[in-house]
Every structure is written in structure tokens, then in C-alpha cells.
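Examining the three-dimensional arrangement
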Amino acid sequence: MEGTLRSLAQIGIVVVGALVAAAVGVALFVVLPDRVPSVGLVAVVLVIVTALVGLRIASSLAETVFPSYNVGEVEVTGPITADGGGMPLRPGGASADDLVEQIERADADGNAEALVVTLNTPGGQPVASDDIRRAVAEFDGPTVAHAKDICASGGYMIACGSDEFVSHEDSLVGSIGVIANQRKFADFADRYGVDLERFVGGEYKDTLDPMKPLSDDERAYFQNVIDSSYESFVDLVAESRDVDREFVADTEARIYHGRQAEANGLVDALGDRNAVEDRLAERAGLDEVSVKQFEPERGIGEKLSIGTQTVARAFGRGVAGVIADRDGSAVEFRFK
């Protein structure tokens with residue numbers, strides 16, 4: 001009933017706004033120009049344009065006075081990076097900077113009493129994933145994460161920031177682990193007679209140089225770095241999900257089918273979108289749920305440049321969690 005009354009009020013404001021704007025247009029472009037013998041095509045067009053502008057303004061006013069939503073939503077789709085630049089062979093993805101801004105905007109919006117975080121991601125950069133998780137955890141109201149096709153690694157970390165985690169029964173969930181890749185070209189260089197002069201200060205400074213083979217000592221050193229990141233991830237999951245730490249470690253970064261994940265406690269419940277909204281309604285004490293999706297705020301110029309940026313990143317920047325130096329060394333570092 002409340003939703004119906006709110007919708008009727010919105011429609012009333014929009015209709016009145018459009019009529020007022022149309023009347024202003026008629027007065028400005030038809031009545032006042034006394035030298036015009038008849039209503040011309042230009043005047044009609046100007047009246048219509050004025051009415052449309054009024055309609056837009058009235059719609060915004062109606063949404064402000066009688067908001068049609070009481071729950072905010074953000075979507076985490078694709079590989080997670082700080083700026084959405086994507087990963088090798090998978091350009092574009094979820095921007096942590098944008099998502100944190102969206103969550104904070106939803107938190108500041110007095111109409112969004114709860115938050116749903118929709119997850120469909122294979123994971124991504126550790127710090128970017130944790131930034132989003134922290135923003136979700138700091139939302140002032142009930143939060144429910146919802147796994148769609150896949151919620152792995154960094155995506156699972158984000159879900160750990162929510163009050164409740166609901167997965168579709170056929171989702172792929174888990175992959176609580178860390179991976180780091182680095183391409184090596186030392187054999188290629190030797191085969192084709194490519195020489196490289198190297199000057200290094202610090203024993204391990206050139207460990208990740210792609211033109212230098214790894215020694216056993218260097219391999220052990222970098223494995224310790226990865227192990228430390230992995231231990232932090234396991235601790236976070238164990239604490240957030242209130243599950244035994246040994247169990248989390250024993251998953252060995254496995255992916256679980258939704259029903260398996262629910263059975264072993266990696267998710268709270270199974271359900272579709274309706275189930276998620278029902279849980280939000282119960283947690284927030286709402287009679288009915290109406291959701292508004294919060295999206296990045298972009299100007300016209302930025303919107304037009306998104307396609308160009310995506311193509312450029314595909315060729316030049318598709319690297320997750322790059323640790324790089326001026327000598328060109330780089331390593332891909334991400335949750336997986």
C-alpha cells in the first residue's frame with residue numbers, strides 16, 4: 001500500500017511539472033510573440049522541448065520527495081582492480097575506486113536503509129578487493145551479499161564484509177588463495193643471443209626481472225611473500241565467516257558448487273534474488289523492498305571515453321596487481 005501511494009505521488013508531481021513546463025513554453029513561444037500570425041513549427045518544437053525539460057526536472061523532484069527505493073545495490077562484475085583496468089586477456093572489470101564511491105554514496109543516502117552486493121567475479125587484486133570489503137562492512141545498515149555465476153577469491157573476500165552471504169545453488173564459490181605469475185624470457189634471450197647488462201643494489205632487487213632466471217633461494221623468498229598474503233586471507237575468512245581456520249586452510253583454494261558451499265559453511269544460505277530481498281526486508285524491518293542500483297558518477301566526456309580506454313587497456317595495461325620497476329620487471333599478483 002505504501003509503495004502504491006508513493007508511486008501515485010510521484011506520478012502526480014511529474015504530470016504537474018510537465019503541464020507547468022508546457023504552459024510556460026506556450027506563453028513564451030506562442031502567446032508573447034504578437035508579431036507571429038500563427039503558431040509555427042519552431043514554436044511547437046520549443047514548447048515540446050520545454051515540456052520535456054520540465055518533465056525531467058519534475059521526475060528528479062518526485063524521486064527526491066517520494067523516493068521509490070529503500071535498498072541500495074552495487075554490482076561487482078568481472079576481475080577486480082583498483083581502477084577497473086582488467087587483467088591479461090580480460091580487459092575491463094570491477095573498479096574498486098568506483099565501487100567504494102558507490103557504496104559510500106548509498107550509505108549517505110537516507111533512503112537506502114540496506115545494501116545488497118551482487119557478486120559475479122573470479123577475483124582480482126588483494127588490496128582492491130579489501131577496499132571494497134571494508135566499504136561494505138562500514139555501511140550503516142543491513143548488508144547481504146549475493147553470489148551469481150561465480151564468487152571466487154577476491155569476490156569471496158568482499159562477501160566477508162557483509163552481514164549475510166546468500167549464494168545461488170549453482171554458483172561457484174570459494175577459491176580462497178593467492179597466485180602470482182611472472183613471465184621469464186631468459187631462455188629466449190640466450191637462444192637468440194640477446195645480452196643484458198644489469199646493475200643491482202640489493203640482493204633481491206632483480207628477483208622479478210623477466211630476463212633473469214630464478215634461483216632456488218629467490219624462488220623460496222618470493223614464495224614466502226605469497227604465503228604471507230595467503231595466511232592473511234585465511235585469517236580474514238575464518239574471522240569473518242566464524243569458521244575454523246584449519247578448515248579454511250584445508251580448502252586449498254578449492255572452488256565449491258553452491259550447495260557444497262552452503263553445506264560446509266562458506267555461505268549462509270542458498271537462494272535467488274527474491275530470497276535475498278526477503279532477507280534484507282527481514283533484517284531492515286521493511287514491509288516491501290524496492291532497490292536502486294548505485295552506479296559510478298561520470299560526466300559526458302568520461303562516458304564517451306570508456307570504450308577507448310577499454311581498448312587501450314586491453315593492449316597496454318591488462319595486468320592485475322603489478323609489481324614493477326623501471327627496469328621492466330613485472331609480476332602478476334592476485335587472489336585466485
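1. Topic: the overall build of the protein
Within the protein, the regular secondary structure consists of 11 helices and 15 strands. Counting only residues that meet the buried cut, the protein has 40% of its 336 residues in that class.

2. Looking at the nonpolar core
The biggest cluster of nonpolar side chains holds 47 residues, and the ones touching the most others in it are Val 76, Val 117, Leu 119, Ile 132, Tyr 156, Ile 158 and Phe 165. Mapped onto this core, the elements with two or more residues apiece are β1 (71-77), α3 (96-108), β6 (114-121), α4 (126-138), β7 (143-152), α5 (154-159), α7 (216-241) and α8 (245-250). Of the residues forming this core, the biggest block, 8 residues, is contributed by α7. Once residues lying within four places of it in the same chain are set aside, the contact partners of Leu 119 are Val 76, Ala 145, His 146, Ala 147, Lys 148, Ile 150, Cys 151, Gly 155, Ile 158 and Ala 159.

3. A short note on the side chain of Thr 207
With respect to the helices, strands and loops of the structure, Thr 207 is situated in the loop between α6 (186-191) and α7. Only 2.8 Å separates the side chain of Thr 207 from the backbone oxygen of Tyr 204, close enough to count as a polar contact. Sequence-distant contacts of Thr 207, defined by excluding residues within four places in its chain, comprise Gln 182, Lys 184, Leu 214, Glu 218 and Tyr 221.

4. Focus on the packing of α3 against α4
Two numbers describe how α3 lies on α4: the axes approach to 9 Å, and their chain directions differ by 5°. One element, α3, and the other, α4, form an angle in the roughly parallel class. Contacts between α3 and α4 involve Ala 96, Leu 99, Val 100, Ile 103 and Asp 107 from the first element and Ala 128, Asp 131, Ile 132, Ala 135, Val 136 and Glu 138 from the second. Taken together, the residues of the contact of α3 with α4 break down into 8 nonpolar, no polar and 3 charged.

5. Here we look at a nonpolar patch on the surface
On the surface, Phe 185, Phe 188, Tyr 192 and Val 194 cluster together to form a nonpolar patch covering roughly 430 Å² of accessible area. As for its position among the elements, Phe 185 is in the loop between β10 (178-181) and α6. The class of Phe 185 is partly exposed, set by a relative accessible area of 38%.

6. Examining the environment of Ser 229
With respect to the helices and strands, Ser 229 occurs in helix α7. For Ser 229, a relative accessible area of 16% translates into the label buried. In the structure, Ser 229 is positioned 50 residues away from Ile 179 in sequence and 9.7 Å away in space, judged by C-alpha atoms.

7. As for the pairing of β7
Burial analysis of β7 places 7 of its 10 residues in the buried class, which makes it a mostly covered element. Alignment of β6 against β7, held across 6 bridges, turns out to be parallel. Across the sheet, residue Val 117 finds its bridge partner in β7, namely Ala 145. Alignment of β7 against strand β8 (residues 164-167), held across 4 bridges, turns out to be parallel. Bridge assignment links His 146 to a residue of β8, and that residue is Val 166. Running through α5, the crossover from β7 to the neighbouring parallel element β8 is right-handed. Across 3 bridges, the pairing between β7 and strand β9 (residues 172-174) is parallel.

8. Some remarks on helix α10 (residues 273-284)
Its 12 residues place the ends of α10 16 Å apart at the C-alpha level, agreeing with the 16 Å of an ideal helix rising 1.5 Å per residue. The set of residues buried in α10 consists of Val 276, Leu 280 and Ala 281. Looking straight down α10, one finds that the buried residues subtend no more than 135° of arc, so they occupy a single side. In α10, those exposed residues whose orientation departs by more than 90 degrees from the buried face are Asn 274, Asp 278 and Glu 282. Lining the buried residues of α10 we find β1, β6, β7 and β8. The backbone nitrogen of Asn 274 has a side-chain oxygen 3.2 Å away, supplied by the residue at the start of α10, namely Asp 272.

9. Overview of the pattern of salt bridges
Scanning the model with the defined rule gives 12 salt bridges in all. The partner of Arg 283 in a salt bridge is Glu 164, with the nearest N and O atoms 2.8 Å apart. Of this pair, Arg 283 sits in helix α10 while Glu 164 sits in strand β8, placing them 119 residues apart in sequence. According to the relative accessible area criterion, Arg 283 is partly exposed, its value standing at 42%. In this structure Glu 164 comes out as buried when scored by relative accessible area, which is 8%. Here the residues in one salt-bridge network are Glu 73, Arg 273 and Glu 277, joined through shared partners.

10. Considering unusual backbone geometry
The phi torsion at Ser 175 lies on the positive side, around 55°, for a residue other than glycine. Relative to the helices and strands, Ser 175 resides in the loop between β9 and β10. With phi around 50°, Glu 252 is a residue other than glycine that occupies positive phi space. Position of Glu 252 relative to the elements: it lies in the loop between α8 and β11 (255-257).

So, how was this worked out
Residues numbered from 1 in each chain as written. Predicted model: local features only at pLDDT ≥ 70, side-chain atom pairs only at ≥ 80, totals over all residues. Heavy atoms only, no water. Helix = DSSP H or I, 4+ residues; strand = E, 2+ residues; numbered from the N terminus. Buried < 20%, exposed > 50% of the residue type's maximum accessible area, 1.4 Å probe, protein only. Core = buried A, V, L, I, M, F, W, Y, C linked by side-chain atoms within 4.5 Å. Contact = heavy atoms within 4.5 Å. Polar contact = N/O pair within 3.5 Å; in protein donor to acceptor, adjacent residues only side chain to side chain. Axes fitted to C-alpha atoms, helices over the stretch in contact; angles between N-to-C directions. Parallel < 35°, antiparallel > 145°, perpendicular 65-115°, else oblique. Nonpolar A, V, L, I, M, F, W, Y, C, P; charged D, E, K, R; others polar. Patch = residues over 30% accessible without salt bridge, like charges linked within 9 Å, V, L, I, M, F, W, Y side chains within 5 Å. Areas by Shrake-Rupley, 256 points an atom, 1.4 Å probe, with all protein chains shown as cover. Salt bridge = Lys/Arg side-chain N within 4 Å of Asp/Glu carboxyl O. Pairing = 2+ DSSP bridges. Right-handed = clockwise from strand over helix to strand, strands pointing away. Expected span 1.5 Å × (residues − 1). Arc of directions from axis to C-beta.

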